[in-house]
Amino acid sequence: MFLSESKKCLIGAVLIKIGSALLLTWGKTNVYFYSFYKQTEPDLSIAYNTLPIAIMALPIALITIFSVKIAKKVGFILHIRIATIIQCASLLIAPYMPTYLTFLIFYIFFYGIGYSSVAFPVFSCTWSHFKKSEGRVSGLLLGAYGFASVIYVIIITYISNPNNQQADLITEHKTQTIKYFSGNVAQNAQKAAQIVSYVASICCLIGGFLIRPYVETTNYNQVGVSDQKIQQFEEETPKQHEKEAQQDSSVEIDPSSVAVNDLPLEIASDHGLPQIKIKQSLSAAIKSIQFLTIVSCLSVLTLFLLTLGLNYKSYFLTKINEDFFITFVDLVALLASSFANILWGFLIDRINFKILFVIIYFVSGIGAIALPFSATDKISFFIVYVVTMMFDKGALVVTGPALIKIFGDDIGHQLFPLTYISSLVSVVVGPISQFILLKYFSFDIILYCQGSLILLVIIFIIRLNMNYQK
């Protein structure tokens with residue numbers, strides 16, 4: 001049985017997302033790897049879990065921003081295959097590194113380089129096969145990404161700590177006290193890293209050889225206008241009035257008020273819209289208040305996600321020192337957010353994205369503020385954390401289709417990778433600010449402040465004008 005190119009592409013994209021999901025587990029599993037290397041490096045600082053990653057994240061974020069442009073120049077197929085091979089090789093090497101820093105270089109940096117190179121080109125390729133269903137495709141891919149991270153966390157946790165041993169060693173860094181593991185838990189961490197690396201690398205490699213962009217068959221497919229409609233348009237325009245019709249349309253149609261990216265280039269240029277204005281709107285879109293607002297809001301939310309993600313297990317072990325329970329809560333949250341991502345994908349195809357954004361940011365802000373309070377009680381912590389994760393991770397699902405609705409198909413696709421500027425800001429500001437602030441404030445205070453910022457940006461979302469004009 002032969003699969004269509006569209007189905008192959010979708011399967012390949014899902015496999016790449018599954019293979020890339022290991023990166024999402026760092027904050028939930030780094031305590032095991034830290035414990036393993038702490039045995040041979042007694043002076044190893046807990047700051048290695050965050051600060052080196054901030055430095056490594058700079059080139060990773062920059063590659064992500066320009067990944068689609070690079071893919072267009074070298075070809076999507078070649079670009080994706082090279083990136084997935086890098087992911088595969090780095091993961092296979094990482095578990096055998098002798099020091100924590102070299103482990104991070106392969107497990108986070110080189111693996112992250114491959115991930116960042118392929119993350120948005122995968123969306124572009126898959127979207128090209130499923131026009132008008134970008135939201136559902138985004139939800140499916142991010143859902144697979146979330147589900148895979150659940151499996152990886154389960155594998156790492158239960159191989160490293162099969163007997164639910166409590167973290168029994170303590171290290172202090174500034175105002176932060178961190179608990180970590182000794183004995184068999186620390187020893188088992190390397191085996192856990194090896195197993196998940198094998199699984200992730202195989203998924204990346206297979207997916208990289210399945211995915212390919214849709215090949216256009218007509219000149220008009222990129223804008224969604226059929227040849228039949230174009231022919232009908234020209235038949236309805238009498239030849240004797242052709243010149244007058246062109247003059248009238250050039251007066252009545254203002255290029256600044258038309259979604260020029262959704263018009264056929266040929267028809268647009270024949271009816272008063274110069275081609276040069278149709279093709280140059282990317283730079284104007286980048287400077288638009290709509291795009292800048294969306295990126296700014298995402299930066300605030302991503303900062304919270306990154307801060308919590310990098311410190312999840314090390315932070316909550318100080319509140320509730322039960323490894324299995326903390327892992328269980330995170331697994332439920334990952335599963336719930338994966339289902340929620342699929343739901344967000346369906347909703348963005350039907351509901352105004354501003355409404356979804358306001359809901360997502362409101363619940364996320366309240367959740368960030370409530371987390372430190374809720375961590376004193378297991379049930380409260382479970383509810384608050386799971387609900388917060390279900391909502392805040394939906395922002396990325398909503399963003400891609402929202403950009404397409406505002407700016408048109410072509411420009412929206414090009415803008416989506418640029419939203420990773422929010423992650424660039426977060427990976428730089430987050431760990432560095434955390435490193436500085438923890439000298440004076442507790443981690444609880446950091447979460448309160450970030451939650452308040454998330455609630456504050458709702459004002460800018462409400463005031464956002466969806467009608468983009470150059």
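Report on the accompanying structure. These numbers were taken from a predicted model, which means no experiment stands behind them.

**Digging into helix H5 (residues 100–129)**
Working step 1: Taking 1.5 Å of rise per residue, 30 residues should cover 44 Å, and H5 covers 42 Å from first to last C-alpha, within 8% of that figure.
Working step 2: Roughly 30° is the biggest bend found in H5, and it falls at Gly 112.
Working step 3: Of all 30 residues in H5, 24 are buried; the element is thus mostly enclosed.

**Comments concerning the environment of Ile 85**
Working step 1: Summarising the element assignment, Ile 85 is placed in helix H4 (residues 76–93).
Working step 2: Along the chain, Ile 85 and Ile 206 lie 121 residues apart, while their C-alpha atoms are 9.8 Å from each other.

**Notes on the nonpolar core**
Working step 1: The biggest cluster of nonpolar side chains holds 118 residues, and the ones touching the most others in it are Phe 103, Tyr 107, Tyr 361 and Phe 381.
Working step 2: Residues contacting Phe 103, with those up to four places away along its chain left out, are Trp 26, Phe 33, Tyr 37, Ala 94, Pro 95, Met 97 and Ile 108.

**Some points on the packing of aromatic side chains**
Geometry of an aromatic ring pair is reported as the spacing of the ring centres plus the angle between the planes.
Working step 1: A complete count under the given rule lists 31 aromatic pairs for this structure.
Working step 2: Taking 6.4 Å as the distance between ring centres and 40° as the angle between the ring planes, the aromatic pair formed by Phe 120 and Phe 123 counts as tilted. Taken together, the residues span about one helical turn, with Phe 120 and Phe 123 both in helix H5 at a distance of three residues.
Working step 3: Overall, the relative accessible area of 3% leaves Phe 123 in the buried class.
Working step 4: Judged by centre distance (5.6 Å) and plane angle (55°), the ring pair of Phe 357 and Tyr 361 falls under tilted.

**Some thoughts on the pattern of salt bridges**
Working step 1: By the definition in use, this model includes three salt bridges.
Working step 2: Lys 319 serves as the salt-bridge partner of Asp 444, at 3.1 Å between the closest nitrogen and oxygen. One end of the pair, Asp 444, is in helix H20 (residues 443–456); the other, Lys 319, is in the loop between helix H13 (289–316) and helix H14 (323–348), and 125 residues separate them in sequence.
Working step 3: Judged by relative accessible area, Asp 444 falls into the buried class, the value being 17%.
Working step 4: Residue Lys 319 is classed as partly exposed on the basis of its relative accessible area of 31%.
Working step 5: The salt bridge involving Glu 322 is made with Lys 378; its shortest N-O contact spans 2.7 Å. Residue Glu 322 is located in the loop between H13 and H14, and its partner Lys 378 is located in helix H16 (residues 378–392); the two are separated by 56 residues in the primary sequence.
Working step 6: For Glu 322, a relative accessible area of 31% puts it in the partly exposed group.

**Description of the packing of helix H1 (residues 5–20) against H5**
Working step 1: Across the interface, H1 lies against H5 with an axial gap of 10 Å and an inter-helix angle of 155°. In terms of axis orientation, H1 runs roughly antiparallel to H5. Taken as a pair, H1 and H5 cross one another with a handedness that is left-handed. Every residue of H5 that contacts H1 at Glu 5, Ser 6, Cys 9, Leu 10, Ala 13, Ile 16, Lys 17, Gly 19 and Ser 20 is listed here: Tyr 111, Tyr 115, Val 118, Ala 119, Val 122, Phe 123, Cys 125, Thr 126 and His 129.

**Some words on the packing of H4 against H5**
Working step 1: Where H4 meets H5, the axes come as close as 8 Å, and the angle between the chain directions of the two elements is 155°. Judged on the interaxial angle alone, H5 and H4 are roughly antiparallel. For the crossing formed where H4 meets H5, the hand is left-handed. Across the interface between the two elements, Phe 76, His 79, Ile 80, Ala 83, Thr 84, Ile 86, Gln 87, Ser 90, Leu 91 and Ile 93 from H4 touch Phe 106, Tyr 107, Phe 110, Tyr 111, Gly 114, Tyr 115, Ser 117, Val 118, Pro 121, Ser 124 and Cys 125 from H5.
Working step 2: Its residues placed into classes, the contact of H4 with H5 shows 14 nonpolar, seven polar and no charged.

**Some remarks on H16**
Working step 1: End to end, H16 covers 21 Å across 15 residues, agreeing with the expected 21 Å (1.5 Å per residue, within 8%).
Working step 2: Among all positions in H16, only Phe 381, Val 384, Tyr 385, Val 386, Thr 388, Met 389, Phe 391 and Asp 392 are buried.
Working step 3: The inward-facing, buried residues of H16 contact helix H2 (26–38), H13, H14, helix H15 (353–374) and helix H17 (394–407).
Working step 4: The backbone nitrogen of Ile 379 has a side-chain oxygen 3.3 Å away, supplied by the residue at the start of H16, namely Asp 377.

Thresholds applied
Residues numbered from 1 in each chain as written. Predicted model: local features only at pLDDT ≥ 70, side-chain atom pairs only at ≥ 80, totals over all residues. Heavy atoms only, no water. Helix = DSSP H or I, 4+ residues; strand = E, 2+ residues; numbered from the N terminus. Expected span 1.5 Å × (residues − 1). Bend = angle between axes of the 7 residues up to and from the residue. Buried < 20%, exposed > 50% of the residue type's maximum accessible area, 1.4 Å probe, protein only. Core = buried A, V, L, I, M, F, W, Y, C linked by side-chain atoms within 4.5 Å. Contact = heavy atoms within 4.5 Å. Phe/Tyr/Trp six-rings, centres within 6.5 Å; stacked < 30°, edge-to-face > 60°. Salt bridge = Lys/Arg side-chain N within 4 Å of Asp/Glu carboxyl O. Axes fitted to C-alpha atoms, helices over the stretch in contact; angles between N-to-C directions. Parallel < 35°, antiparallel > 145°, perpendicular 65-115°, else oblique. Left-handed = near helix turned anticlockwise from the far one by under 90°. Nonpolar A, V, L, I, M, F, W, Y, C, P; charged D, E, K, R; others polar. Polar contact = N/O pair within 3.5 Å; in protein donor to acceptor, adjacent residues only side chain to side chain.

Shape is all these values report; function is a separate question.
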